Structures are given as structure tokens and as C-alpha cells.
Amino acid sequence: MSFVISDATHIVSNLGSIVVTIFVLLFVLSTAIRIVPEYRRLVLFRLGRLVGSRGPGIVFTVPFLDKAVTVDLRILTLDVPVQEVITKDNVAIKVNAVVYFRVLEPSKSVVEVENYVIATSQLAQTTLRSVVGSVELDEVLSSREKINQELQKIIDERTDPWGIKVSAVEVKELELPEGMKRAMARQAEAERERRAKIIAAEGELQAAAKLSEAAHQMESSPVTLQLRYLQTIREISGERNTTTFFPIPVDLVQPFINKLVKTGE
């Protein structure tokens, strides 16, 4: 009876060892096998030394010896907080922007900089203040595309050693002081009034030129004056007026006027 109990105890202990071994193997395999998506990479460090980037797909690592850092390769959108900037012509404005960038070299983004997102954000803020502060307000308002390209070029050059590619930088909002807004509104109104006066003056000049041309035509051809007289009568009679005025040419009454003058003498 004691022999049977000892055999059973031995079998149970062996089963326990097998179960523990299986769990250890599963744990080791779970830590050694990593599945990396298409848009991510694993940067491996073995005993502190850089091994390189791995992925996508199944990646095998050495447990307790390898350390893996996950890097996202998708385009990231970074909002640059509102910055108070004084332009070249001493106007205080508030401006913010958005930066679109992605990681091209995962190993550099981990080794060369502590946190590439924070570093890019700080660099974008300082560059935004520097670029906007070096131009006048009118250029900021009218040449925003040029400023965007300048920002993108500077930030991309400075983040290139980190393995980062800046694809675009866009200035989102520009806040002006209330006094400057009123001044710009008055300037726009004055500009519209100036254009209206110029257009009216050009119209008067063209009308005067046409009237002068018509006067020369009537002077060279008296029949034209008679036709204009008949046209004026037609226009007056066509309207619904209770009183009608008939213009009489001076040539028709000139003989009577001369006769009266002679009689008076």
C-alpha cells in the first residue's frame, strides 16, 4: 500500500514539473515573439547596444537580453500652441500653426533624441516666432504660403538628424489687436472710396469726350441737330406726362425777332 502511495506521489510531482516547464516555455515564447504591424517598427537594443529596427511581421527577440522600443511610422499631426510675436514693424500678434511629420529612420528617432515629438514641438514653436518676427504684418497677411514654406524648410532641416521628415507646416490662425483691426478697416474703406472716385472721374472723362465728339459732328452736319431735335420730341411724347414741352429751334423764330427789332428802331 505504501508502494502505491509513493508511486502516485512521484507521478504528481512529475506532472507538476511538466506543467511548470510548459508555463515557463509559454512565457519565454510570449516574450520572445513580437508581432509588429505594417505601420510600426521595433528598435532593438541587446545588452544596451543598438541592434537595429525590425518589422513588420513576426520579430524574434532574446528574452531578458533585448529591449524593444516601438516607433510609429504614420504621419503625426502636431498642434503648435499660440505664440505671441512682435513683427518687424513692431505689431504684436498671436499666431499658431500645425505641423505634419513622420519618422523615416526609427533608429535615429530613438537614439539621437530623447523624445522626438516633444523636441519637434519645441523646435516648431521657436521657428514660428523667429520667422513671423522677421517679416512685416502686411507680408504675414498676404504671403502666408511663403511663410509656410519657410517654416517647413527650416524645421525639416533641423529634424533631419533625428530621422524625421516634415511634410508640411500650416499657419492656422492669426489674431490681431483690436486697434489694428479698426485701423485696417478704415484703410480698406478709404481704399474703396479712392477707387470709387477714380471710376467716377474716368466715367466723367469718357462722357465729356463723347459729348465733345457729338458736338463736332453736329457742327459739321446741321441735319444731325434737327434729327436730334425730332428724337427728343419723340422721347418726351412717349412718356405719360400731363405737360409736354416742345423745344423750338432759334432758326425758326429768328426772322420774327429781327423784324421786331427793326420795328422798335
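Given the structure is predicted, the values throughout are model-derived calculations rather than measurements.

> Tell me about the sheet that holds strand S2 (residues 40-46), and name the residues and values.
Strands sit in the order S3-S2-S5 across an open sheet of three strands; the sheet is antiparallel. If you trace the sheet from one side to the other, it starts and ends with strand S3 (49-54) and strand S5 (66-72), each paired once. Pairs of neighbouring strands in the sheet enclose a mean axial angle of 25°, with direction left out of account. When S2 meets S5, the two strands line up antiparallel, connected through seven bridges. If you follow Arg40 over to S5, its bridge partner there is Asp72.

> Please give an account of the packing of helix H3 (residues 116-133) against helix H5 (residues 144-159) that cites residues and values.
How two helices sit against one another is set out by the angle between their axes and by the gap between those axes. For the pair H3 and H5, interaxial distance at closest approach is 10 Å and the crossing angle is 140°. For the element pair H3 / H5, the angle class is oblique. Classified by chirality, the crossing of H5 by H3 is right-handed. Where H3 approaches H5, its residues Thr120, Leu123, Ala124, Thr127, Leu128 and Val131 are matched on the opposing element by Ile147, Glu150, Leu151, Ile154, Ile155, Arg158 and Thr159. Of the residues assigned to the contact of H3 with H5, the class counts are eight nonpolar, three polar and two charged.

> I'd like to hear about the side chain of Arg41, residue by residue, with values.
With respect to the helices and strands, the residue Arg41 is situated in strand S2. Among the polar contacts made by the side chain of Arg41, one reaches the main-chain carbonyl oxygen of Glu38 at a distance of 2.9 Å. Not counting residues up to four positions away in its chain, the partners in contact with Arg41 are Val36, Arg54, Gly55, Pro56, Val69, Thr70, Val71, Leu73 and Pro106.

> Describe the packing of aromatic side chains, listing the residues and the values that go with them.
Aromatic rings in a pair are described by how distant their centres are and how their planes are angled relative to each other. Enumeration over the complete set of coordinates arrives at zero aromatic pairs. A cation sits over an aromatic face here: Arg74 above Tyr39, 4.0 Å from the ring centre.

> How would you summarise the sheet that holds strand S6 (residues 76-86) if you had to cite specific residues and measurements?
Taken together, three strands build an open sheet; the order of strands is S6-S7-S8 and the sheet is antiparallel. With one partner strand each, in any of the chains shown, S6 and strand S8 (164-175) form the two edges of the open sheet. Averaged over all pairs of adjacent strands, the angle between strand axes in this sheet comes to 25°, irrespective of strand direction. Bridging between S6 and strand S7 (residues 92-103) involves nine bridges; their strand directions are antiparallel. For Leu76, the partnering residue across the bridge sits in S7 and is Phe101. In this fold H3 packs onto S6, S7 and S8, with an angle of close to 35° to the strand it touches most, S6.

> Run through the nonpolar core, naming residues and quoting values.
Of all hydrophobic cores here, the largest spans 35 residues; its most connected members are Val99 and Leu128. Elements supplying a minimum of two residues to this core: S2, S6, S7, H3, helix H4 (137-142), H5 and S8. Counting residues per element, this core draws most heavily on H3, which supplies seven residues. Those residues in contact with Leu128 that lie beyond four places of it in its chain are Val80, Gln83, Val95, Asn96, Ala97, Leu151 and Val171.

So, how was this worked out
- Residues numbered from 1 in each chain as written.
- Predicted model: local features only at pLDDT ≥ 70, side-chain atom pairs only at ≥ 80, totals over all residues.
- Heavy atoms only, no water.
- Pairing = 2+ DSSP bridges.
- Helix = DSSP H or I, 4+ residues; strand = E, 2+ residues; numbered from the N terminus.
- Axes fitted to C-alpha atoms, helices over the stretch in contact; angles between N-to-C directions.
- Parallel < 35°, antiparallel > 145°, perpendicular 65-115°, else oblique.
- Left-handed = near helix turned anticlockwise from the far one by under 90°.
- Contact = heavy atoms within 4.5 Å.
- Nonpolar A, V, L, I, M, F, W, Y, C, P; charged D, E, K, R; others polar.
- Polar contact = N/O pair within 3.5 Å; in protein donor to acceptor, adjacent residues only side chain to side chain.
- Phe/Tyr/Trp six-rings, centres within 6.5 Å; stacked < 30°, edge-to-face > 60°.
- Lys NZ or Arg CZ within 6 Å of the ring centre and 35° of its normal.
- Core = buried A, V, L, I, M, F, W, Y, C linked by side-chain atoms within 4.5 Å.
- Buried < 20%, exposed > 50% of the residue type's maximum accessible area, 1.4 Å probe, protein only.

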